[in-house]
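Architecture and fold: a report
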Amino acid sequence: KKFVEGGLRFFVLVVKLEKVYFCLIIDTMTNEGSQQQTSVVEDDETMEINTKEKISGPSETFGLLPNEDDAEFVSTKFLGENVEDEGKNENHIQSIVQRVNTRFTLEDFTRCSESHLWKLMMSFYDRKGVKSWSQGIVPHFITCNAFIGRAYAKVLIGFIRDCMASDAKIPLDPSEPLYIVELGAGSGKFSFFMLKALNAMLGSLSNFNPSRIVYVMTDFTQNNLNFWNQHPGLRPYIESGQLDLAIFDAVNDETIQLHHSKTILKPGSMQNPICIVANYLFDTLCHDIFQVENHQLKEGLISVGSRHPFEPDALDPEIIKRFDNHFRYRIVDEHYYSDEDQADVGHYKRILRWYLDYFGASPSGASILMPVGALRALRRLTAFSKGRALVLSGDKGNNNPEQFRGLMDPHIAVHGSFSVMVNYHAIGLYFISRNGFVLHNPQEEASLKVSAFILTGDDDHDDHHAADAAWANIAPPQATNVNTQIIPPPKSSFPNQQQHNNGNQNNNGDAMSTAPSPGSILNPSLNHNTKKTKLHCLWTGDEMERISCQRALSFSHLCRVFEDEIVRFGPNDFFVLQKSMKEDSQQPTLKGIVALLKLGDWDPDVFYKFRDVILNQAPVCGCKLRNDLCRDLPRVWDNYYSLDKDKDVSFEVGRFYYGIREHEKALQFYRISTEHIGEHHVTFHNMGLCHYSLGQLDTALEHFEKSLGLNANYEKARSWHQKVSREFERQQQIQIGGTQSHNQAIQTNNSPDMMIDMSTNPQQQNQSVDMQQDLISNHELPPGTPPTADGSTFYRKLDDLNNNDSATATTNRLTPS
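Keep in mind that this is a model prediction, so the values were computed, not measured. (Residues numbered from 1 in each chain as written. Predicted model: local features only at pLDDT ≥ 70, side-chain atom pairs only at ≥ 80, totals over all residues. Heavy atoms only, no water.)

1. As for the overall build of the chain
Let me state the cut-off plainly: The way it works is that DSSP assigns letters per residue, a run of H or I at least four long becomes a helix, a run of E at least two long becomes a strand, and they are numbered from the N terminus. Classification of residues uses two cut-offs on accessible area relative to the type maximum, computed with a 1.4 Å probe and protein chains only: under 20% is buried, over 50% is exposed, and between them is partly exposed. Any pair of residues with heavy atoms lying within 4.5 Å of one another is described as a contacting pair.
A count of helices and strands for the chain gives 29 helices and 25 strands. The proportion of buried residues among the 817 residues of the chain is 54%. Taking all contacts inside the chain whose residues are at least 6 apart in sequence as the whole, residues at least 24 apart take part in 77%.

2. Details of the pattern of salt bridges
Stated formally: For salt bridges, the criterion is a side-chain nitrogen of Lys or Arg within 4 Å of an Asp or Glu carboxyl oxygen.
Throughout the structure, instances matching the rule amount to 24 salt bridges. Note that E565 and K154 form a salt bridge whose closest N and O atoms lie 3.5 Å from each other. Within this pair, whereas E565 is found in helix α16 (residues 556-568), its partner K154 is found in helix α6 (residues 146-163), the two being separated by 411 residues in sequence. On the accessibility criterion, K154 (29% relative accessible area) is partly exposed. Residues R235 and E239 are paired through a salt bridge, measuring 3.8 Å at the closest nitrogen-oxygen approach. Within this pair, R235 and its partner E239 are both found in helix α9 (residues 235-240), separated by four residues, close to a single helical turn.

3. Here we look at the nonpolar core
Side chains that are nonpolar tend, in soluble globular proteins, to be buried together. Threshold: What we call a nonpolar core is a set of buried Ala, Val, Leu, Ile, Met, Phe, Trp, Tyr and Cys residues that are connected through their side-chain atoms within 4.5 Å.
Core analysis: the biggest nonpolar cluster contains 114 residues, and M194, L243, L629 and F656 have the highest contact counts within it. The element that contributes the greatest number of residues to this core is α6, accounting for twelve residues. Among the nonpolar cores identified, the runner-up in size contains 81 residues, and Y179, A278, L378 and I432 belong to it.

4. Digging into the packing of α6 against helix α7 (residues 189-201)
How two helices pack is summed up by the angle between their axes together with the distance between the axes. Stated formally: The angle between two axes is taken between their N-to-C directions and runs from 0 to 180 degrees, where each axis is a line fitted to C-alpha atoms and a helix contributes only its stretch in contact. When describing relative orientation, an angle under 35 degrees is termed roughly parallel and one over 145 degrees roughly antiparallel, while 65 to 115 degrees is termed roughly perpendicular and anything else oblique. In this scheme, a crossing is called left-handed if the near helix is turned counterclockwise away from the far one by less than a right angle; it is called right-handed if the turn is clockwise.
Their axes nearest at 8 Å, the elements α6 and α7 cross at an angle of 50°. With respect to each other, α6 and α7 are oriented oblique. Between α6 and α7 lies a crossing of right-handed hand. Side by side, α6 and α7 meet where A146, I148, G149, R150, Y152, A153, K154, L156 and I157 of the first sit next to F190, F193, M194, A197, L198 and M201 of the second.

5. A short note on the sheet that holds strand β25 (residues 449-456)
Applied cut-off: At least two DSSP bridges between two strands are required for those strands to pair.
Read from one edge to the other, the open sheet built from seven strands follows the order β10-β9-β8-β13-β19-β25-β24, with strand pairing classed as mixed. Of all strands in the sheet, those bounded by a partner on one side alone are β10 (243-247) and β24 (437-440). Looking at each pair of strands side by side, their axes are set apart by 20° on average, direction ignored. Relative to strand β9 (residues 213-219), α7 is tilted by about 175°, and along the sheet it contacts β8 (178-183), β9, β10 and β13 (274-279). Helix α8 (residues 222-230) contacts β9 and β10 of the sheet and is inclined by roughly 165° relative to β10.

Next comes the structure, spelled out in C-alpha cells:
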C-alpha cells in the first residue's frame, strides 16, 4: 500500500529464506488477481477439465531466483510508471500473497523430461492399474473399438505385402517370427480387437504362415499383466502361442522378456522387421519444452507444484488434479542433446535445426514439445530388428508445424491422469533423418491423429554428414536485442557441451535412398557455394517432406491402405460419427444405427450406447430391417471384451431378443450375463418372464423365487410370483378336472355338455390378456430417467431406486430401459 501511495506502477517484494530469494512482481494497476483458465477436452463422452492458473498483468512470473543478481534485475525492471487507479490494488496484492502461501512446491525448476511430472504419471497407472479404464477414469473408447482394430490390421497387412514383394525394401523371412509389439497395452481391449481382425485377414496372405506372427502386449506394471493373463477374451490367443505378454518400461528398459515363451527380445535378435503399436502412449512419456524466438532456441524449465498448502505423499496421483505448475525459459543451442545416445545426437540436432530455421524469423515465435521419451523408446525397440520397423501410433497431437506458432506454456490436460500434445511432426523428422519416411493424416480437426513411421535399416551415408557440415558453415541469422533473461538451471538439467565439441562427428544417421541426378544436391557441376546452400537445405523446410514422399514409393500397398483406412475415413471419423449420432440427433433411426453398427464391425460399446433406440424400435420395425439386425447381432457378443461390469452387454442383448419374442435366445444371453457379470435379481426376474412366455410356469416360478431370494423387497418379482402361482394352480386343477371330466364323459357316453373348458372361460381370457400386457411392461423398465453427465442414458434397476437399503443385491449395476 505504501508503494501504491508513492505512485509506483510496479513494485517487487523479495524474501530471503536459506539463501533462496522468493520474488513477487506486483502490478498496482491490475485488480484481476489470480485468474483460472479452463479448457474442456471431449473424448469418449467424458468431459475433461484442464486447469491452468496464471497471474494476470504484464508481469506474470514469480518463483525462485537462484542468486542476488537475478533478484536485483527483476526488482528494477518495471519501476517508474505512475498509478492511475490506486483504490483497487490492496485486494490484488492480498490475492497474490495468498496464492504464494497456498502453493506447495514439489520440485524446483528443472528440465521437463527429468521433472516430477513423469513420476506422478507412473504412480497413477501403477496404483490404479486396470481400474483406470474399467472405471472410466481415463477415456479410451476412441482407441479401443472394433473399427480401429480392423483399420490397424489392414495397414499391417499392407506392410507385410510390401515386405513379401520380390523387390522388397525390407524382405521378410517366412521361417522367422514377425513380432508385433504393443506399447502401453493398458486394458488390453485394443489388443483383443487387433488380434481378431488379424486372424480374419491373415488367410489372404500367400507364402506367409500366419502362425509366425507373435503379438506382444507390454506395459510397465505387473497389475496389468496379471489382468491380461486371466482375461477370458485373451486366453485363446495366449494358449495358441499367437499372443505373449511382457513387462516393459518403454523409456528405460533395454530388453523384453516374454512371459510365456521366455524368449528375450534384445538388440539384433529379430530377423524380421519389428512392428510397433502405440496408442495413447506417447502423450504420457517424458517431453522437453522449447521455444523459438527471434532466431534463438530456448529451453523451458518446469517447477511442479500443487494448489494445496502441503502434500505429504509426493507420488499421490490425486496431486494431478491440483497441479500448479510454473515455467521459465532460458537460451540454449542446437547441441542441447549432446549427452543423449550417440546414435541419436545427430538426429536430435537436425530436428532442433529444422525448427530454428523454420520459425527463427517468425514474429510470433513458436512453442515446441520434443517427445524425447517416445524417441528413446523407438531407438531401443528398432535396435531389436537392426533398424527395420513399422510404427503405428494414434494419439492427440499435431503433425503440422504451423500449429506450433506463438509463445505459450505447454498445455497439460488432466483427465484422471494427464497428457500433453504429441509432436508427431518431430517424430517424423527423426525417422526421415534415419533414412525412413512417415505417413501422416493431414486432418487437423481431430481428437486422434494416426501416423505410420517406417525404417528400412539402411546404413549411414556421407551425404548426411555433408549436409550437417554445410549447415555448420553457413552462418545463421543474428538475433536482435531482446529482453531475455538467461537463468542458469540446476546442474543436472543442463547438457554437458564438452561432450560434443566436434559437431556431428559421432552421428549414426542413415542414408538417403535417392541417387545423384542433374540438379540434385550431389551434382558436382554445382559450384561450391551453391552445393553448400543445397546441402544446408536438406534438413530444412519442405525438403524433408519431399524426401519422405520419395522413399514411400517403395511401399505401395502400405501407402494405399493407409490412405483408405486412416485418411479418407479413419478411426477419428468413426468416433466423431457415432458421438454425433448419439448426442446431436434427438431421434436416430434404427436404419442409421444398423448402418453404424456395420461400419464399426458390430462394436459392443456402440450397441450399448444405442440400446434404447434398438430395444424400442426393433419390435415394431419392418421384418427386413429386423432380419438384418438379427443376422449380425451375435457378432456384438463375439466382439465383447469384459472390462466394465456396469456395461452388461449380454443383459441388453437378452432384452433385445425378448423384445422380438425370441425367448430361447433371450434366456441364452441372460445366462451369459449371470456367468460373466454375476447373479442379479432383475436378471432372474427377466428369465422368469421368458419361461412364462414359453409356457414353462414351474421354471418361471423358480426364477421369480431366485429373484426374491436375492432381493426380498423386489415388488415386480413378488407380484409376478403371485400371479404365476395362481395360474399354475389353476392349470393343475384344469389337468385334474380334465381327467375327471374325461372319465365322466366315458361313463355318460362322452356327453360334451358335461365338460368345462377352462381355457375358454371369458374371465380367464381377460386375465391372460392383462397378464401378457403386464409381462411386456414389467420386462422393459419405465423410460424417462434423466441422462447422466456423459450424455448416455442409464437406468438403475428398479429395486435399486425404490429399495436403496437392500442388502441382498449382489451387484449395483446400472441398467437401461
